[in-house]
Amino acid sequence: MDPFVPTNVPPKVTMDSDCDAFLQGPARSSSEALDPLAAFASPDGLDPQLQAFLEEACAQLCRWFGSANQRSPLPSLRLLPDAFPEVGGLGAERLLDDLQQVMDGAYHPTHPGALAHLDPPPNTASIAAELICAGLNNNLLAEELSPSLSQLERQLCGWFASCFDFPEGSGGVPASGGTLSNLTALVTARHALKLNATSDAVVLTSDDAHVSLFKACRVMGLHSDALRRIPVDATGCLRLDALEDELNRLATENRPCLAIVATAGTTVRGAIDPLREIATIARDHGTWMHVDGAIGAVFALSGQTRALMDGLGEADSITVNPQKLLGIAKTSSLLLVRDASTLHAAFGTGLPYMEPASAGPHGGEMGVQGSRPAEILKLWLGLRQLGMTGINSLLNAAVERRERFQQSLDAQALDLLSGPLHLLTCVPKDADSDRSERWSARLRQRLLDEQIMVSRPHYRGRHHIKVVFGNPHTSDALIHHLGMRINESIAGGLH
Ligand SMILES: Cc1ncc(COP(=O)(O)O)c(C=O)c1O
């Protein structure tokens, strides 16, 4: 089937008949209470009801994946089941029906035309691991609540740290998303530089850095002007001369710099700041260097692409989001630090209600979060499913898709903004703010009508069209079609 021709939503699925008896359960009036014990797995041998329930939920999910191509990546809003519990508890069939309704209205990252954001389809081992993680219900707060998983977490963070050329003694901690990893990094930096008592400290980053840094400064109670934005050059990379100027200005104002944040893969165009040079400047000025590598740091995992991340290992801390290009189910983000003891120093409390940890600090003593699921499980299993060859090929194929797309665009008529990674943003050269707004809105809708979803970032006063090539299902035919549509939109005066 042509992947970008709209089709109807598939008919509602029916369940396997041999599960029906259990799934429907006994008829109950709404006032009749379900025995709450039935909502928990039996500890006395295999629980057939649990097994049937999970099997049917998994089958439902598999059907959802399998129907991606017949849906839109962005379904229209529809009625949802009640959000609140009824008086009586529900049986499995009602629960699965309700789930299906929510699933029908969900964004579909597996659709080959889902190209708007940095949210690719999840890899299948990470889905299985997420289910197991929920079942294990271990808590990474403390070792006694997650003995094997705490160990796995330390080992996998150690592996990432060594891939990023961090020295012995480095380590890290997972956090629920890049926003939290960046916040954790800045709190750690402030503590390490003994600036906790100084509210006028400043964070330096580029004009194109992610908004999460702004949030972090606010959460940290810094002054409203604490996030100082440094201009970028024509390729979207932080300008070193402007960085030096700003550091000198801070010295004359007597305001301490708690960190310079370089971005390895900016959100709008995928630019990579000059990491090695920024590391040298940070060191010369006695400040911390954090790399927000939420998008780009994964490229250091592959021999073929690691040169793009030159200087990454010179940083004091690095955010990496395997939930993006590697397709680990959300959320999957790590903060890696050159010196693991800095995390414990910033966040350790002693955790007096837990037994001491045996092999390093408790997970809950290394970051902002206390109770935490074993997100490491899906990262670990997902990476093992891919293998180094799979990782390498995912990264390279994504960049190649962006390159092919770029070649198909009319560079005479469009401003093309892209770094060396897998995302590209464009706008008609002659469009002002109003025209770019109209052009991007009409083009996005026209593409959505063909089941292709792109995004519309507002960047430097104009709306752009942004395309992210992290979806391994996107075919060359679709890429070519998308390029043609964008070219047509200028020639046909869509703006
Ligand atoms: C460069 C960069 N940093 C940080 C983030 C925040 O990550 P999250 O959405 O996982 O909190 C993003 C999100 O896209 C990003 O692009």
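Residues numbered from 1 in each chain as written. Predicted model: local features only at pLDDT ≥ 70, side-chain atom pairs only at ≥ 80, totals over all residues.

**So, the domain arrangement of the protein chain**
- If you check the domain split of the protein chain, you get domain 1 (17–106), domain 2 (131–383) and domain 3 (395–491).
- Contacts between the two partners involve 18 residues from domain 2, matched on the other side by 15 residues from domain 3.
- A per-class count over the side of domain 2 that touches domain 3 returns 8 nonpolar, 8 polar and 2 charged. (Domains from an automatic or database assignment. Contact = placed C-beta atoms within 7 Å. Nonpolar A, V, L, I, M, F, W, Y, C, P; charged D, E, K, R; others polar.)

**Describing the site of the ligand**
- Around the ligand lies a shell of 15 residues, among which G177, G178, T179, H210 and A294 are the nearest.
- The leading source of residues in the shell around the ligand is helix 6 (residues 178–192), at 3 residues.
- Counted by class, the shell around the ligand contains 3 nonpolar, 11 polar and 1 charged residues. (Near = placed C-beta within 6 Å. Helix = DSSP H or I, 4+ residues; strand = E, 2+ residues; numbered from the N terminus.)

**Concerning unusual backbone geometry**
- Residues K330 and T331 are joined by a peptide bond in cis, for which omega reads -10 degrees.
- With respect to the helices and strands, T331 occurs in the loop between strand 6 (317–320) and strand 7 (333–337).
- Notably, N137 is not glycine yet its phi reads approximately 50 degrees, a positive angle.
- Backbone geometry at K194 places phi at a positive 55 degrees, although glycine is not the residue there.
- Tracing the chain through its elements places K194 in the loop between helix 6 and strand 2 (202–206).

**Thoughts on the pairing of strand 4 (residues 257–263)**
- Of all 7 residues in strand 4, 7 are buried; the element is thus mostly enclosed.
- Relative to strand 4, strand 2 runs parallel, the two sharing 4 bridges. Note that in strand 4 the partner of T205 across the bridge is V261.
- Pairing of strand 4 with strand 5 (residues 289–293) involves 4 bridges; the strand directions are parallel. Of the residues in strand 5, the one forming a bridge with V261 is H290.
- Viewed along the sheet, the connection from strand 4 through helix 9 (residues 275–284) into strand 5 turns out right-handed. (Buried ≥ 20, exposed ≤ 12 C-beta atoms within 10 Å, placed from the backbone. Pairing = 2+ DSSP bridges. Right-handed = clockwise from strand over helix to strand, strands pointing away.)

**Thoughts on helix 9**
- Every buried residue of helix 9 is accounted for by L275, I278, A279 and A282. Take helix 9 and look down its axis: the buried residues cluster within an arc of 105 degrees, on one side only.
- Buried residues in helix 9 make contact with strand 4 and strand 5.
- A positive backbone phi angle near 65 degrees is found at G286, which sits one or two residues after helix 9. (Arc of directions from axis to C-beta.)

**Comments concerning the confidence of the model for the protein chain**
- Mean pLDDT over the protein chain works out to 93, with 93% of the residues at or above the 70 mark.
- Overall, residues 1–31 carries pLDDT values under 50, and its contacts beyond four positions in sequence, including any with other chains, amount to 45 contacts. (pLDDT = per-residue confidence, 0-100.)

**Some words on the packing of helix 5 (residues 147–163) against helix 11 (residues 376–408)**
- Relative orientation of the contacting elements helix 5 and helix 11 amounts to 55 degrees, with a least axis distance of 10 Å. With respect to helix 11, the element helix 5 is oriented oblique. Between helix 5 and helix 11 lies a crossing whose hand is left-handed. Taken together, the residues of helix 11 that come into contact with helix 5 (itself represented by L149, L152, E153 and L156) are I376, L377, L379 and W380.
- Among the residues forming the contact of helix 5 with helix 11, the class breakdown is 7 nonpolar, no polar and 1 charged. (Axes fitted to C-alpha atoms, helices over the stretch in contact; angles between N-to-C directions. Parallel < 35°, antiparallel > 145°, perpendicular 65-115°, else oblique. Left-handed = near helix turned anticlockwise from the far one by under 90°.)

**Observations regarding the nonpolar core**
- If you look at the biggest cluster of nonpolar residues, it comprises 122 residues, and the most contacted ones within it are V203 and L336.
- The element that contributes the greatest number of residues to this core is helix 11, accounting for 13 residues.
- Among the domains, domain 2 (131–383) and domain 3 (395–491) are the pair contributing at least three residues each to this core.
- Apart from residues lying up to four places away in sequence, V203 is in contact with L186, L213, C217, A226, L227, L258, A259 and V261. (Core = buried A, V, L, I, M, F, W, Y, C linked by C-beta atoms within 7 Å.)

**Let's talk about the environment of R249**
- Tracing the backbone through its elements, the reader meets R249 in helix 8 (residues 240–253).
- Among the residues examined, R249 registers 12 C-beta atoms within 10 Å and is labelled exposed.

**Concerning helix 13 (residues 476–491)**
- Compared with an ideal rise of 1.5 Å per residue, which puts 16 residues at 22 Å, helix 13 spans 23 Å between its outermost C-alpha atoms and is within 8% of the ideal.
- Three or more residues of helix 13 are buried, namely L478, I479, L482, I486, S489 and I490. End-on, the buried residues of helix 13 take up no more than an arc of 115 degrees, which puts them together on one face. Exposed side chains of helix 13 directed beyond 90 degrees from the buried face belong to D476, A477 and A491.
- In the core, the buried residues of helix 13 are packed alongside helix 11, strand 8 (414–417), strand 9 (423–428), helix 12 (433–449) and strand 12 (465–468). (Expected span 1.5 Å × (residues − 1).)

**Examining the environment of P121**
- Its place among the elements puts P121 in the loop between helix 3 (92–104) and helix 4 (124–136).
- Looking at P121, the number of C-beta atoms within 10 Å reads 20, which means it is buried.
- For the pair formed by P121 and H108, sequence separation is 13 residues and the distance between their alpha carbons is 8.0 Å.
- Apart from residues lying up to four places away in sequence, P121 is in contact with P109, T110, G327, N471 and H473.

**Some remarks on the environment of M103**
- Its place among the elements puts M103 in helix 3.
- Through-space distance from the C-alpha of M103 to that of L61 is 8.5 Å; in sequence the pair is 42 residues apart.

**Considering the sheet that holds strand 9**
- Taken together, the 3 strands give an open sheet; going across it, the order is 8-9-12, and neighbouring strands pair in antiparallel fashion. Looking at strand neighbours, the two that pair on one side only are strand 8 and strand 12, the edges of this open sheet. Each strand of the sheet is rotated relative to its neighbour by a mean of 20 degrees, with strand direction disregarded.
- Pairing of strand 9 with strand 12 involves 4 bridges; the strand directions are antiparallel. Residue pairing for strand 12: C426 is matched across the bridge by I465.

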